[in-house]
Amino acid sequence: MIIESVDLKDYRNYKILNMNFNPQINIIYGDNAQGKTNILEALYVCATSRSHKGSKDREMIRMGSDEAHIKLNVKKNGLPYRIDMHLKKNKSKGIAVNGIPIKRAVELFGILNIVCFSPEDLSIIKNGPAERRRFMDMELSQLDKIYLSNLINYNKVVNQRNKLLKELSFKSSEEKLETLDIWDLQLVKYGTEVMKRRVGFVQELNEIIGGLHEKLSGGTEKLTIEYQPCVEETAFLDTVTKMRERDLRMKSTCFGPHKDDLIFFINGSEVKKYGSQGQQRTGILALKLAELETFYRHNQEYPLLLLDDVMSELDDKRRRYLLRIIQDNHIQTIITGANMELITNEMAQDEVFVIKEGKIIR
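As a starting point, this report considers the structure included with it. Here, residues in each chain are numbered from 1, in the same order as that chain's written sequence. Totals for whole chains, interfaces and linings use all residues, but because this is a predicted model, local features are given only for residues with pLDDT of at least 70 and pairs of side-chain atoms are given and counted only at 80 or more. With hydrogens and water excluded, all non-hydrogen atoms of the structure serve as input to the side-chain values.

### Let's talk about the state of the cysteines
As used in these notes, a disulfide is a covalent bond between sulfur atoms, one from each of two cysteines.
Phase 1: In what follows, a disulfide is any cysteine sulfur pair within 2.5 Å. Taken as a whole and assessed by the stated rule, the structure comprises 0 disulfides.
Phase 2: Lacking any disulfide linkage, C46 is separated from the closest cysteine sulfur, that of C116, by 14 Å.
Phase 3: Left without a disulfide partner, C230 is nearest to the cysteine sulfur of C254, which lies 8.6 Å away.

### Some thoughts on the pattern of salt bridges
Phase 1: Note on definitions: salt bridges are taken to be side-chain nitrogens of Lys or Arg within 4 Å of carboxyl oxygens of Asp or Glu. Within this structure, the stated rule accounts for 25 salt bridges.
Phase 2: In this structure, D7 engages K71 in a salt bridge whose closest nitrogen and oxygen atoms are separated by 3.6 Å. Residue D7 is located in strand β1 (residues 2-11), and its partner K71 is located in strand β4 (residues 67-76); the two are separated by 64 residues in the primary sequence.
Phase 3: A salt bridge links E301 to K76, with the nearest nitrogen and oxygen atoms 3.0 Å apart. Here K76 lies in strand β4 and E301 lies in the loop between α9 (277-299) and β12 (304-308), a separation of 225 residues in the sequence.
Phase 4: When a residue's accessible area, from a 1.4 Å probe over protein chains only, is under 20% of the maximum for its type it is buried; when over 50% it is exposed; and in between it is partly exposed. Judged by its relative accessible area of 13%, E301 falls in the buried class.
Phase 5: Looking at K76, the relative accessible area reads 12%, which means it is buried.
Phase 6: Here the residues in one salt-bridge network are R161, D181, D184, R244 and D247, joined through shared partners. A run of DSSP states H or I qualifies as a helix once it reaches four residues; a run of E qualifies as a strand once it reaches two. Both are numbered from the N-terminal end.

### Side note on the sheet that holds strand β11 (residues 269-270)
Phase 1: Each pair of strands is called paired provided DSSP finds at least two bridges between the two strands. Read across the sheet, 3 strands follow the order β9-β10-β11 without closing on themselves; strand pairing throughout is antiparallel. Two strands close off the open sheet at either side, each with one partner strand: β9 (223-228) and β11.
Phase 2: Where β9 meets strand β10 (residues 261-266), 6 bridges bridge the pair, whose relative direction is antiparallel. For I225, the partnering residue across the bridge sits in β10 and is F264.

### Focus on the nonpolar core
Phase 1: Counting 59 residues, the largest nonpolar core has F264, L287, L289 and L307 as the members making the most contacts within it.
Phase 2: Looking at this core element by element, the count peaks at 12 residues for helix α5 (residues 174-216).
Phase 3: Residue contacts are defined here by distance: any two heavy atoms, one from each residue, within 4.5 Å place the two residues in contact. Setting aside residues up to four positions removed in sequence, L287 forms contacts with I124, F135, L205, I209, I225 and F264.
Phase 4: Among the nonpolar cores identified, the runner-up in size contains 44 residues, and M19, I28, I111 and L306 belong to it. Here the nonpolar core consists of buried residues drawn from Ala, Val, Leu, Ile, Met, Phe, Trp, Tyr and Cys, with membership extended through side-chain atoms lying within 4.5 Å.

### A few points about the sheet that holds β1
Phase 1: The sheet built from 6 strands is open, its strands ordered β2-β1-β4-β5-β6-β7 with antiparallel pairing. Every interior strand has two partners, whereas the edge strands, β2 (14-20) and β7 (100-102), have only one. Put simply, the sheet's adjacent strands are angled 15° from each other on average, direction ignored.
Phase 2: Strand direction decides the pairing type here: β4 and strand β5 (residues 79-88), joined by 10 bridges, are antiparallel. Looking at β5, one finds that K76 is bridged to L79. Between the N-to-C directions of two axes lies an angle of 0 to 180 degrees, each axis being a line fitted to C-alpha atoms and, for a helix, fitted only over the stretch in contact.

### Side note on the environment of L292
Phase 1: With respect to the helices and strands, the residue L292 is situated in helix α9.
Phase 2: On the basis of relative accessible area, L292 is assigned to the buried category, the value being 2%.
Phase 3: The spacing of L292 and L304 is 12 residues in sequence and 8.9 Å in space, taken between C-alpha atoms.
Phase 4: Aside from chain neighbours lying at most four places away, what touches L292 is V115, Y302, P303, L305 and I331.

See below:
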């Protein structure tokens with residue numbers, strides 16, 4: 001799977017942009033605030049329908065315009081795909097694949113798989129559980145459409161159940177309580193499937209990440225990941241039933257996979273609490289490399305790798321290790337940065353784009 005080209009119109013700081021990509025290494029070079037990351041964001045939007053920075057559609061539209069367009073050409077298993085994104089300020093985005101409109105983002109997932117690595121990814125370890133759930137959900141949604149479907153249904157149930165809990169807090173009735181019973185069963189049905197798949201995903205990561213981290217740390221440290229569900233799978237329904245009074249009091253669903261967490265350990269110590277900045281960086285690098293390998297095991301091909309200004313965050317040893325894996329496995333990669341000497345001194349780059357004020361100048 002490779003991306004061949006992307007066309008942008010009225011996207012972020014780009015009035016018009018047309019780029020053709022090399023199937024190996026692509027370097028986007030330029031000073032800060034010139035639009036390097038915006039290109040990576042556009043690719044990510046085409047893969048997942050959303051920004052990796054959490055931006056809303058209207059925030060990605062060029063100032064002074066009401067709409068933005070992204071057109072991406074991808075080749076997957078020898079077949080061409082064209083993904084068209086039509087972002088609108090006050091309406092839902094329009095998405096088409098090979099000229100055919102799609103109604104649900106679930107139909108988009110899996111055409112273009114992406115692993116994105118940026119300095120902000122340290123938040124996966126450093127921030128709260130929501131960041132780690134988002135990581136799990138995004139990777140699993142690209143890998144497994146059944147998981148994505150169960151997750152969408154689960155989130156719908158949580159929203160509907162929360163709405164009913166608020167209504168019950170004002171006016172309770174036998175009929176509404178019976179409706180709550182139905183939502184409880186749906187919550188457990190979809191939530192159990194979400195938890196099962198997360199357990200399997202973390203097991204897969206642990207099979208890979210320990211060895212990677214040992215190499216990155218010179219054999220002195222071992223990284224492991226522990227999935228911590230908010231509630232045990234076999235006790236989910238009992239917990240929801242027993243804690244109903246609390247949910248009614250809080251007007252919210254307090255238990256379920258929307259409260260789960262991942263914990264990272266190095267040599268048995270929790271990285272978030274006791275790890276140094278360097279250990280946290282190494283842990284995230286190992287995590288991203290494990291993502292690449294997990295995608296390969298499932299699809300027999302590597303995803304597109306986006307490296308957004310991370311080379312300056314890594315020391316020489318870890319940078320060389322990352323570049324060697326990219327080159328040895330022929331992973332199509334797009335690298336952004338302001339100091340290209342960190343890369344060009346260590347590898348023969350295939351394509352270099354120089355960006356200035358929203359334009360390619362070389």
